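For reference, the chains in residue letters:
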Amino acid sequence: MANCKIQPLGDRVLVQTIEIGEQMKGGILIPDAAKEKPQQAKVIALGTGKIDEKGNRVAFDVKVGDTVLTSKYGGTEIKYDDQEYKILNASDILAVID
């Protein structure tokens with residue numbers, strides 16, 4: 001987590017998806033293409049923040065290290081240093097998991 005050199009801009013958030021173990025239903029192996037996209041992720045980096053109409057920066061509702069629920073198909077998937085990340089708009093984060 002500390003050696004990721006990607007810095008999101010604006011109100012974007014860099015997350016790393018948390019893969020839940022491979023699941024088999026009734027002994028049948030589910031192919032990768034048919035599996036649900038993971039919605040849990042760990043916040044790796046925050047952007048510079050959104051600017052409101054008055055020119056003030058709006059604080060993020062999350063912080064680095066938080067585990068969050070994200071929208072299923074939101075964001076852009078990227079690969080950096082053999083790790084998979086997703087860059088999301090702050091609005092694509094639905095909840096923080098304690």
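Computed from a prediction, not measured in an experiment: that's the story for all the values here.

Draft legend 1. Examining the environment of Thr70 more closely. You can see Thr70 is positioned in strand E7 (residues 67-70). Judged by relative accessible area, Thr70 falls into the buried class, the value being 2%. Each C-alpha atom of the pair Thr70 and Leu88 lies 8.5 Å from the other, and the pair is 18 residues apart in sequence.

Draft legend 2. Region of the structure containing the environment of Val13. Relative to the helices and strands, Val13 is located in strand E1 (residues 12-17). Judged by relative accessible area, which is 0%, Val13 ranks as buried. Taking the C-alpha atoms as reference points, Val13 and Gly49, separated by 36 residues in sequence, lie 9.4 Å from one another. Residues in contact with Val13, not counting those within four places in the same chain, are Pro8, Val43, Ala45, Leu46, Phe60, Lys86, Ile87, Leu88, Ala90 and Ile93.

Draft legend 3. Up close: the nonpolar core. Grouped together as the largest cluster of nonpolar side chains are eight residues: Val13, Val15, Ala41, Val43, Val62, Val68, Leu88 and Ile93. Counting residues in each nonpolar core, the second largest holds six residues, with Cys4, Leu14, Ala45 and Tyr85 among its members.

Conventions we followed
- Residues numbered from 1 in each chain as written.
- Predicted model: local features only at pLDDT ≥ 70, side-chain atom pairs only at ≥ 80, totals over all residues.
- Heavy atoms only, no water.
- Helix = DSSP H or I, 4+ residues; strand = E, 2+ residues; numbered from the N terminus.
- Buried < 20%, exposed > 50% of the residue type's maximum accessible area, 1.4 Å probe, protein only.
- Contact = heavy atoms within 4.5 Å.
- Core = buried A, V, L, I, M, F, W, Y, C linked by side-chain atoms within 4.5 Å.

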